[in-house]
Amino acid sequence: MVDAHRTFVIVGGGLAGSKAAEALRAEGFTGRVILIGDERDHPYERPPLSKGYLAGSDERESVFVHEPAWYAGADIELHLGQTVVRLDRAGKSVELGDGTRLHYDKLLLATGAEPRRLDIPGTSLASVHHLRRLAHADRLRGRLTALGQENGHLVIAGAGWIGLEVAAAAREYGAEVTVVEAEPAPLHSVLGPEMGMLFADLHREHGVRFHFGARLSEITGADGMVQSVRTDDGDEHPAHDVLAAIGAAPRSALAEAAGLDLAEGTGGVAVDSALRTSDPDVYAAGDVAALRETPWGGPLRVEHWANALNSGPAAARSMLGRDVVYDRVPYFFSDQYDVGLEYSGWAPPGSYDQVVCRGDVAKREFIAFWLRDNRVLAGLNVNVWDVTGAVQDLIRSGRPVGRDALADPDVPLADLAGGGN
Ligand SMILES: Cc1cc2nc3c(=O)[nH]c(=O)nc-3n(C[C@H](O)[C@H](O)[C@H](O)COP(=O)(O)OP(=O)(O)OC[C@H]3O[C@@H](n4cnc5c(N)ncnc54)[C@H](O)[C@@H]3O)c2cc1C
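Residues numbered from 1 in each chain as written. Predicted model: local features only at pLDDT ≥ 70, side-chain atom pairs only at ≥ 80, totals over all residues. Heavy atoms only, no water.

Visitor: Honestly, the site of the ligand in this entry has me stumped. Any pointers?
Guide: The immediate surroundings of the ligand are formed by 35 residues, with Asp-38, Glu-39, Arg-46, Lys-51 and Arg-132 found nearest. Contacts to the ligand include Asp-38, whose side-chain N or O atom sits 2.4 Å from an oxygen atom. Listing elements by their share of the shell around the ligand, those giving two or more residues are helix 1 (15-26), strand 2 (31-37), helix 5 (161-173), helix 8 (305-319) and strand 21 (331-336). (Near = heavy atom within 4 Å. Polar contact = N/O pair within 3.5 Å; in protein donor to acceptor, adjacent residues only side chain to side chain. Helix = DSSP H or I, 4+ residues; strand = E, 2+ residues; numbered from the N terminus.)

Structure (structure tokens):
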């Protein structure tokens, strides 16, 4: 039986929001839980949208966080296809697009992020795509099928994780793929140049073409359809479809308009380690939240599945008054062709002074470590499994490690983290 005297509202029906709702009930909260999402689909997980679901190997049903009936069973009041247009902090209410006002005692912002748009001529043509939502994946899947059948060309702007995963899926359909990237290597802003080129080689082996050091400057077309793209260094590439995969921006406009603090340099809603915003009754989790400080510096906004999975429930516990310190090591996974990988930590270019590998890089079975002053900041395991816990312990330990020991597969990682026998 729901106690109507306390109402917790969650804005954003993605992974962070739905996992927060689940955690509130699991922790014994008996008040009203209202989950509002502007998409019509029930909350779903996005990683398959650029992997198995896009490639046609995962069923649509497999992407949803819960069965539709679960929400009513858990007494979660679900408002789908509804946008929260205003947050009134003084009146402790949110307003939906249709004018409905909903009171809250505690509020969670889990509004996620949205794809950045290309700001060049031709972006309104019908075969220019973004990939964030199930509907986007459905459309792109249809186009990749057609491109594969007709030897058509897909141009992808951006060699980040999503751009590369879509490149892999598109090659599996048989489409011709060109990736245009402003940096000198794929994944440059995450992995730096050393490991980035390894991904360029992987994709080249599968027939992907790269154009580094350039940006799209124009998409040309006729009758609504793309014909080619131009780059700012004067090149032209044939194209029938274009995917803009140039990153995502946090959906923090609601918070900003309500006067909540944003975290400088991230655009995210600033939260402390208990995931509280600058208003003690408003919390934030998932892609939209930026931790003011972390053991690895800050502010830090993490746009990864595991962060949504874990920070949603952590915020829910915090809303219930439990002691919460959210200090998980950032974690990410990806699959491209027969390469599976996990990345833990945070070591953008400029933050590290060496990269050390253990294992067989040429065979793509190895772990790479990013270090500064002999301390591990981040680790990437490629086709090597069950090491994430040890890599994260090493990062957390902050202990100096010797380069030779780190590169030696016979030295257990647990010993280096100080946990060995
Ligand atoms: C194609 C793709 C592939 C990915 N692959 C990986 C991967 O392999 N590994 C990995 O670690 N991460 C991956 N990610 C990232 C991961 O999916 C995100 O980090 C995660 O979805 C974030 O969850 P979230 O709940 O914070 O936000 P979201 O999933 O974006 O959910 C937020 C929801 O809130 C809704 N919303 C926003 N504003 C409002 C409003 N005002 N009113 C109502 N509703 C609103 C949004 O429409 C959305 O439905 C991928 C992302 C994409 C797009």
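Visitor: Hey, could you run me through the packing of helix 1 against helix 8 in this one?
Guide: For any two helices packed against each other, the geometry is given by the interaxial angle and the distance between the axes. Relative to each other, helix 1 and helix 8 sit at 35°, their axes nearing to 7 Å. For the pair helix 1 and helix 8, the crossing hand works out as right-handed. Residues Leu-15, Ala-16, Lys-19, Ala-20, Ala-23 and Leu-24 of helix 1 form the contact with helix 8, whose own contacting residues are Trp-305, Ala-308, Leu-309, Gly-312, Pro-313 and Ala-316. Grouping the amino acids of the contact of helix 1 with helix 8 by side-chain chemistry returns 10 nonpolar, one polar and one charged. (Axes fitted to C-alpha atoms, helices over the stretch in contact; angles between N-to-C directions. Left-handed = near helix turned anticlockwise from the far one by under 90°. Contact = heavy atoms within 4.5 Å. Nonpolar A, V, L, I, M, F, W, Y, C, P; charged D, E, K, R; others polar.)

Visitor: Any chance you could explain the pairing of strand 10 (residues 153-157) here in plain terms?
Guide: Regular strands have side chains that alternate between both faces of the sheet. Counting buried residues along strand 10, five of its five residues qualify, which places the element largely inside the surrounding structure. Along strand 10, one buried face is formed by His-153, Val-155 and Ala-157 and the opposite face, lined by Leu-154 and Ile-156, is buried too. Handedness of the crossover joining strand 10 and strand 11 (residues 176-181) through helix 5 is recorded here as right-handed. Looking at chain direction, strand 10 and strand 16 (residues 241-244) are connected through four bridges and run parallel. Residue pairing across strands places Ala-157 opposite Ala-244, the latter belonging to strand 16. (Buried < 20%, exposed > 50% of the residue type's maximum accessible area, 1.4 Å probe, protein only. Right-handed = clockwise from strand over helix to strand, strands pointing away. Pairing = 2+ DSSP bridges.)

Visitor: What should I look at first to understand the packing of aromatic side chains in this one?
Guide: Each aromatic ring pair is specified by the distance between its two centres and by the angle formed by the two planes. A complete count under the given rule lists nine aromatic pairs for this structure. Ring centres of Trp-70 and Tyr-71 lie 5.0 Å apart, and the angle between their planes is 85°; on these two criteria the pair is classed as edge-to-face. For Tyr-71, a relative accessible area of 2% corresponds to the buried category. Measuring from ring centre to ring centre gives 6.4 Å for Phe-332 and Phe-333, while their planes differ by 25°; the resulting arrangement is stacked. (Phe/Tyr/Trp six-rings, centres within 6.5 Å; stacked < 30°, edge-to-face > 60°.)

Visitor: For this particular structure, what's the right way to read the side chain of Thr-294?
Guide: Residue placement: Thr-294 occurs in the loop between strand 20 (289-291) and helix 8. When its relative accessible area of 14% is taken as the criterion, Thr-294 is described as buried. Here Gly-297 takes part through its backbone oxygen, which lies 2.4 Å from a polar atom of the side chain of Thr-294.

Visitor: Any chance you could explain the UniProt feature "domain: FAD/NAD(P)-binding" (unreviewed entry) in the protein chain here in plain terms?
Guide: Those places that UniProt annotates as "domain: FAD/NAD(P)-binding" (unreviewed entry) correspond, in this numbering, to residues 8-312. When the span residues 8-312 is considered, its composition is 27% helix and 28% strand, and the gap between its end C-alpha atoms is 13 Å. (UniProt positions renumbered as here; feature names shortened; annotations may be inferred.)

Visitor: Even after reading the chapter, I still don't get the environment of Gly-142, so can you show me in this structure?
Guide: Within the secondary structure layout, Gly-142 lies in helix 4 (residues 134-150). A sequence separation of 73 residues divides Gly-142 from Ala-69, and the C-alpha atoms of the two residues are 29 Å apart.

Visitor: Is there a simple way to think about the UniProt feature "domain: Reductase C-terminal" (unreviewed entry) in the protein chain in this case?
Guide: The residues that UniProt annotates with the feature "domain: Reductase C-terminal" (unreviewed entry) are residues 331-416. Span residues 331-416 is 22% helix and 42% strand, its end C-alpha atoms 20 Å apart.

Visitor: What is the right way to look at the sheet that holds strand 14 (residues 225-231) in this model?
Guide: One key point about sheets: their strands pair by backbone hydrogen bonds, in either a parallel or an antiparallel sense. Reading across the sheet, the three strands line up as 13-14-15 and stay open at both edges, with antiparallel pairing between neighbours. This sheet does not close on itself; its edge strands, each paired only once, are strand 13 (216-222) and strand 15 (236-238). For this sheet the average axis-to-axis angle between neighbouring strands, irrespective of direction, equals 25°.

Visitor: What am I meant to see in helix 6 (residues 188-205) here?
Guide: Since the α-helix packs 3.6 residues into each turn, any two residues three or four apart lie on the same face. Spanning 18 residues, helix 6 covers only 19 Å between terminal C-alpha atoms, well under the ideal 26 Å at 1.5 Å per step. For helix 6, the full list of buried residues reads His-188, Leu-191, Gly-192, Met-195, Gly-196, Leu-198, Phe-199, Ala-200, Leu-202 and His-203. Looking one or two residues beyond helix 6, the residue adopting positive phi is Gly-207, at roughly 90°. (Expected span 1.5 Å × (residues − 1).)

Visitor: For this particular structure, what's the right way to read the layout of surface pockets?
Guide: If a probe as big as a water molecule is rolled over the atoms, it shows which places are left empty. Taken as a whole, the second largest pocket spans an internal volume of roughly 290 Å³. Around the second largest pocket sit 24 residues that line it, and Asn-307, Tyr-326, Arg-328, Val-329 and Pro-330 are the ones nearest its centre. Listed by contribution, the elements that provide at least two residues to the lining of the second largest pocket are strand 20, helix 8 and helix 9 (388-397). For the lining of the second largest pocket, the leading source of residues is helix 8, giving six residues. Split by residue class, the lining of the second largest pocket holds 15 nonpolar, six polar and three charged. (1 Å grid on protein atoms, 1.4 Å probe; cavity = no way out; pocket = protein on both sides within 12 Å on 5 of 7 lines; lining within 4 Å. Points joined across faces, edges and corners; volume = space filled by probe spheres on them.)

Visitor: Would you mind showing me how to read the domain arrangement of the protein chain here?
Guide: A common measure of how large an interface is: the accessible area buried when the components associate. The assigned domain composition of the protein chain is domain 1 (3-114 + 249-319), domain 2 (128-246) and domain 3 (338-417). Of note, the centres of domain 1 and domain 2, computed from C-alpha atoms alone, are 31 Å apart. Contacts between the two partners involve 20 residues from domain 1 and, on the opposite side, 14 residues from domain 2. Interface area for domain 1 against domain 2, summed over the two sides, is near 1,500 Å², with a carbon-plus-sulfur share of 54%. The largest contributions to the domain 1 side of the interface with domain 2 come from Ser-50, Tyr-53 and Leu-54, which together make up 38% of the buried area. In this structure, Glu-39 and Arg-133 form a salt bridge, with 4.0 Å as the shortest nitrogen-oxygen distance. Our enumeration of links across domain 1 and domain 2 arrives at 12 residue pairs in polar contact (both at pLDDT 80 or more). At three residues, the largest contribution of residues to the side of domain 1 that touches domain 2 is made by helix 2 (residues 52-55). (Domains from an automatic or database assignment. Buried area = accessible area lost by both parts, 1.4 Å probe. Salt bridge = Lys/Arg side-chain N within 4 Å of Asp/Glu carboxyl O.)

Visitor: Please clarify how unusual backbone geometry should be interpreted in this entry.
Guide: In terms of backbone geometry, most residues other than glycine have negative phi values and most peptide bonds are trans. With an omega of 0°, the peptide bond between Gly-298 and Pro-299 qualifies as cis. The phi dihedral of Tyr-337 falls on the positive side, at around 55°, and the residue is not glycine. In this structure, Tyr-337 sits in the loop between strand 21 and strand 22 (339-345). Phi is positive for Asn-383, close to 50°, though the residue is something other than glycine. Here Asn-383 lies in the loop between strand 25 (375-382) and helix 9. The class of Asn-383 is partly exposed, set by a relative accessible area of 23%.

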